[in-house]
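The chain contents come next:
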Amino acid sequence: VRLVALLESKEAEGQARRRVLEKLDARLDDELIQVVEVLGLGILAPKTAMAVRTATEAHKLNARIPIIQRVCSSATTESLKQSIENAPHFRVSNWVRGWLGRADRLPRLGIPLDDDPGVVRITPSTARSMGRDWQNCLAGHSTAMAIGTTAYFALADLNVIAVLTRTDGGWLLSGLHGRANFPVSAETARRVKVRLSGQ
């Protein structure tokens, strides 16, 4: 019944989905029909439908694309579609992590630290290169940076990376790391806390 409804649709969206359905070079089963019905029109194409393959993945993808586009300046609809089509073995979780690793426009924290000229906000797009400079694994925290649960800042004058964690009461200083993850001295920790205490 759903297949017939899709094929006979007079709506512009339904006709666009039907054209994709007609170009599929695969055995039609319920999952594939649902993918064509569900997947966002911006990225729907025969290749993306075949790559996504299940309705559950299609729903996950639809929910995550707006988040990716909010934090990644390069995440155009066309580039997202191409990256799905070019993935050798597509999995939503891996694909989302890959895109979040490119995030370059994180939302401001809403505290004075946002405008402190002596502080560099580390984003997923800069985490790999900054990790090399600081000799640590910043790139491994890209997803947490992108979704906004933690924020990483390099305070060059104190030679330390400060980690802030979002809580119900605001931002909490939750970690301090020296170069190569060396422990931070008590005096440096005190100076960081004094600098951030009013925020």
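Scroll up for the structure.
Residues numbered from 1 in each chain as written. Predicted model: local features only at pLDDT ≥ 70, side-chain atom pairs only at ≥ 80, totals over all residues. Heavy atoms only, no water.

**Q** Help me understand the sheet that holds strand β3 (residues 160-167) in this model?
**A** Across a sheet, paired strands are connected by hydrogen bonds in the backbone, their directions being either parallel or antiparallel. A sheet is described by the order of its strands in space; here four strands give the open sequence β1-β2-β3-β4, paired in antiparallel fashion. Sheet topology places β1 (119-122) and β4 (170-177) at the edges, where each strand pairs with a single neighbour. Taking the axes of each pair of neighbouring strands and ignoring which way they run, one obtains an average angle of 30° across the sheet. In the packing of helix α8 (residues 124-134) onto the sheet, the strands contacted are β1, β2 (150-155), β3 and β4, and the crossing angle to β1 comes to about 120°. (Pairing = 2+ DSSP bridges. Helix = DSSP H or I, 4+ residues; strand = E, 2+ residues; numbered from the N terminus. Axes fitted to C-alpha atoms, helices over the stretch in contact; angles between N-to-C directions. Contact = heavy atoms within 4.5 Å.)

**Q** Any chance you could explain the environment of Glu 22 here in plain terms?
**A** For Glu 22, the position within the fold is in helix α2 (residues 12-23). Owing to a relative accessible area of 51%, Glu 22 belongs among the exposed residues under this scheme. Residues Glu 22 and Pro 46 lie 24 residues apart in sequence; the distance between their C-alpha atoms is 8.8 Å. (Buried < 20%, exposed > 50% of the residue type's maximum accessible area, 1.4 Å probe, protein only.)

**Q** Teacher, can you tell me more about the side chain of Arg 17 here?
**A** By the element assignment, Arg 17 lies in helix α2. Of note is the side chain of Arg 17, whose polar atom sits 2.7 Å from the backbone oxygen of Val 36. A polar atom in the side chain of Arg 17 sits 3.3 Å from the backbone oxygen of Glu 37. Among all residues touching Arg 17, those that are not within four sequence positions of it are Leu 6, Val 36, Glu 37, Val 38, Leu 39, Leu 41 and Leu 44. (Polar contact = N/O pair within 3.5 Å; in protein donor to acceptor, adjacent residues only side chain to side chain.)

**Q** Can you walk me through the packing of α2 against helix α3 (residues 30-38) in this structure?
**A** Any two packed helices are characterised by the angle at which their axes cross and by the distance between the axes. Contact geometry for α2 and α3: axes closest at 9 Å, N-to-C directions at 145°. As for the relative orientation of α2 and α3, their crossing is right-handed in sense. Judged by residue contacts, Arg 17, Val 20 and Leu 21 of α2 engage Val 36, Glu 37 and Val 38 from α3. Partitioned by chemical class, the residues of the contact of α2 with α3 number four nonpolar, no polar and two charged. (Left-handed = near helix turned anticlockwise from the far one by under 90°. Nonpolar A, V, L, I, M, F, W, Y, C, P; charged D, E, K, R; others polar.)

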